[in-house]
Amino acid sequence: MTAKKVGLIHIDDHMIFLQGLRSMLKENQKINYLGNTGNLNDGWKLFLEKKPELVLLDYFLPDGKGLNLAQKMIEKRPEVKIIFLTMEDHPDLIEICKSFGIMGFLPKTIDKNELFLAIDEVLLGRPYIPSRKTLKKGPISNSEDEKLSILSSREKQIAYLITEGYTSQEISKKLFLSQFTVNTHRRNVRQKLGLNNTAQLAALMAKNKT
C-alpha cells in the first residue's frame, strides 16, 4: 500500500529560489507539492484552498512578515507544520518564532539532504532548528544581543507583539493570558531593558533582525 503523500505549499517572493526548490521538492516521493505564491495575501488564500500539512515560508515578504501569516495558519489549523526557510537567522528571532509554534527555522543555504531531513523531523513533531554555528554572532559586551538575552521566552514573545502594534487586550486574547499578566510582562520588559516607551522597544527589536 502506497503511503499518503504530505501536502506542501511554499511562500517566497524570490522566484528563482522558489522555482529551484519546487523542482527539488518534486523529487521527494513523500511530498505532494500543492503550489506556491510570493506574498502573504495569496499565501493565505492558497493555504485555505489547498489545506496543506506542511508550509515552507520566508520571514520577510513584500506585504509583511511571514510570522504574522504563520500565526493565522496555526490559529486556523493547529495541526499544520510550518518551517521558515529564510535568510533571517538571529537567535532571538528564532526563539520568538518557536514560541509561536514554528517547528523549523532553516537558512536558504541549506542543502537538499538536510532540508529533507528537517521536513521528516518536523512531520514527526520534532522541531528542527539550525546549530549555533549557523547563527549570527558578534561581540556580546554592551550589545543589543546581550540586552534581549535577559528576557524570558514569554517576554520576547510579548515584546514582538507589542512592536507589531498589538494592544494588551489583543495580546491577552492571542496568547490566552489575562490582561493583568500581559501588563506585568510589559512592565518587566521595559524595566529589564531600561526603556521608556514602545518606540524604543521597536528600535531595539529591529536592530536584532538586521
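Residues numbered from 1 in each chain as written. Predicted model: local features only at pLDDT ≥ 70, side-chain atom pairs only at ≥ 80, totals over all residues. Heavy atoms only, no water.

Caption draft 1: Region of the structure containing helix α7 (residues 153-163). Counting buried positions along α7 gives 8 out of 11 residues, so the element sits mostly inside the fold. Burial in α7 covers these residues: Glu155, Lys156, Gln157, Ile158, Ala159, Tyr160, Leu161 and Ile162. Two residues or fewer after α7 comes Gly165, characterised by a positive phi angle close to 95°. (Buried < 20%, exposed > 50% of the residue type's maximum accessible area, 1.4 Å probe, protein only. Helix = DSSP H or I, 4+ residues; strand = E, 2+ residues; numbered from the N terminus.)

Caption draft 2: Spatial organisation of the sheet that holds strand β7 (residues 104-107). Spatially, β2-β1-β3-β6-β7 is the arrangement adopted by the 5 strands of the open sheet, whose pairing is parallel. Edge positions in the sheet fall to β2 (31-37) and β7, since each has one partner strand and no second. Each neighbouring strand pair of the sheet contributes to a mean axis angle of 20°, computed without reference to strand direction. Pairing geometry for strand β3 (residues 54-57) and strand β6 (residues 81-86), over 4 bridges, is parallel. Residue pairing for β6: Leu57 is matched across the bridge by Phe84. Sheet contacts for helix α2 (residues 40-50): β1 (6-11), β2 and β3; angle to β2, the most-contacted strand, approximately 150°. Sheet strands touched by helix α3 (residues 66-76): β1, β3 and β6. Its angle to β6, the strand with the most contacts, is close to 170°. (Pairing = 2+ DSSP bridges. Axes fitted to C-alpha atoms, helices over the stretch in contact; angles between N-to-C directions. Contact = heavy atoms within 4.5 Å.)

Caption draft 3: Structural context of the packing of aromatic side chains. What the rule picks out here adds up to 5 aromatic pairs. Plain terms: the ring middles of Tyr59 and Phe84 are 5.7 Å apart, the flat faces sit at 55° to each other, and that makes the pair tilted. With Tyr59 in the loop between β3 and β4 (60-61) and Phe84 in strand β6, this residue pair connects regions lying 25 residues apart in the sequence. Ring geometry for Phe100 against Tyr160: centres 6.0 Å apart, planes inclined by 65°, an arrangement best described as edge-to-face. Taken as a pair, Phe100 in the loop between α4 (91-99) and β7 and Tyr160 in helix α7 lie far apart in primary sequence, 60 residues in all. Each member of the pair, Phe100 as well as Tyr160, is classed as buried. An aromatic cluster is present here, built from Tyr59, Phe60, Phe84 and Phe105 joined pairwise through their rings. Across the ring face of Trp44, the terminal group of Lys72 is positioned such that the distance to the ring centre comes to 4.2 Å. One Lys or Arg, Lys108, reaches over the ring of Phe17 and ends 4.8 Å from the middle of that ring. (Phe/Tyr/Trp six-rings, centres within 6.5 Å; stacked < 30°, edge-to-face > 60°. Lys NZ or Arg CZ within 6 Å of the ring centre and 35° of its normal.)

Caption draft 4: Broad picture of the layout of surface pockets. Computed from the structure, the second largest pocket encloses a volume of approximately 200 Å³. As for the second largest pocket, its lining consists of Gln71, Ile74, Glu75, Ser99, Phe100, Arg154, Gln157, Lys174, Leu175 and Phe176. Counting residues per element, the ones that place at least two in the lining of the second largest pocket are α3, α7 and α8 (168-175). Residue classes in the lining of the second largest pocket are distributed as 4 nonpolar, 3 polar and 3 charged. (1 Å grid on protein atoms, 1.4 Å probe; cavity = no way out; pocket = protein on both sides within 12 Å on 5 of 7 lines; lining within 4 Å. Points joined across faces, edges and corners; volume = space filled by probe spheres on them. Nonpolar A, V, L, I, M, F, W, Y, C, P; charged D, E, K, R; others polar.)

Caption draft 5: A look at the nonpolar core. Residues Val55, Leu57, Leu67, Met73, Ile82 and Phe84 are the most contacted members of the largest nonpolar core, which totals 41 residues. Once you skip the residues sitting within four places of it in the chain, Leu67 turns out to touch Tyr59, Phe84, Ile96, Cys97, Phe100, Ile102 and Tyr160. Listed in part, the 20 residues of the second largest apolar core include Leu8, Leu18, Tyr33 and Ile83. (Core = buried A, V, L, I, M, F, W, Y, C linked by side-chain atoms within 4.5 Å.)

Caption draft 6: Spatial organisation of the side chain of Lys174. Among the secondary structure elements, Lys174 is positioned in helix α8. At 2.7 Å, the side chain of Lys174 forms a polar contact with the side chain of Glu75. Setting aside anything within four residues of it in sequence, one finds Lys174 in contact with Gln71, Glu75, Leu161 and Tyr166. (Polar contact = N/O pair within 3.5 Å; in protein donor to acceptor, adjacent residues only side chain to side chain.)

Caption draft 7: Highlighting the pattern of salt bridges. Following the criterion strictly, the structure yields 11 salt bridges and no others. Glu95 is the partner of Lys156 in a salt bridge, and the nearest nitrogen-oxygen pair spans 3.1 Å. Of this pair, Lys156 sits in helix α7 while Glu95 sits in helix α4; the two residues are 61 residues apart in sequence, bridging distant segments of the chain. Note on Glu95: relative accessible area 26%, which makes it partly exposed. The network of salt bridges with shared partners includes Asp12, Asp58 and Lys108. (Salt bridge = Lys/Arg side-chain N within 4 Å of Asp/Glu carboxyl O.)

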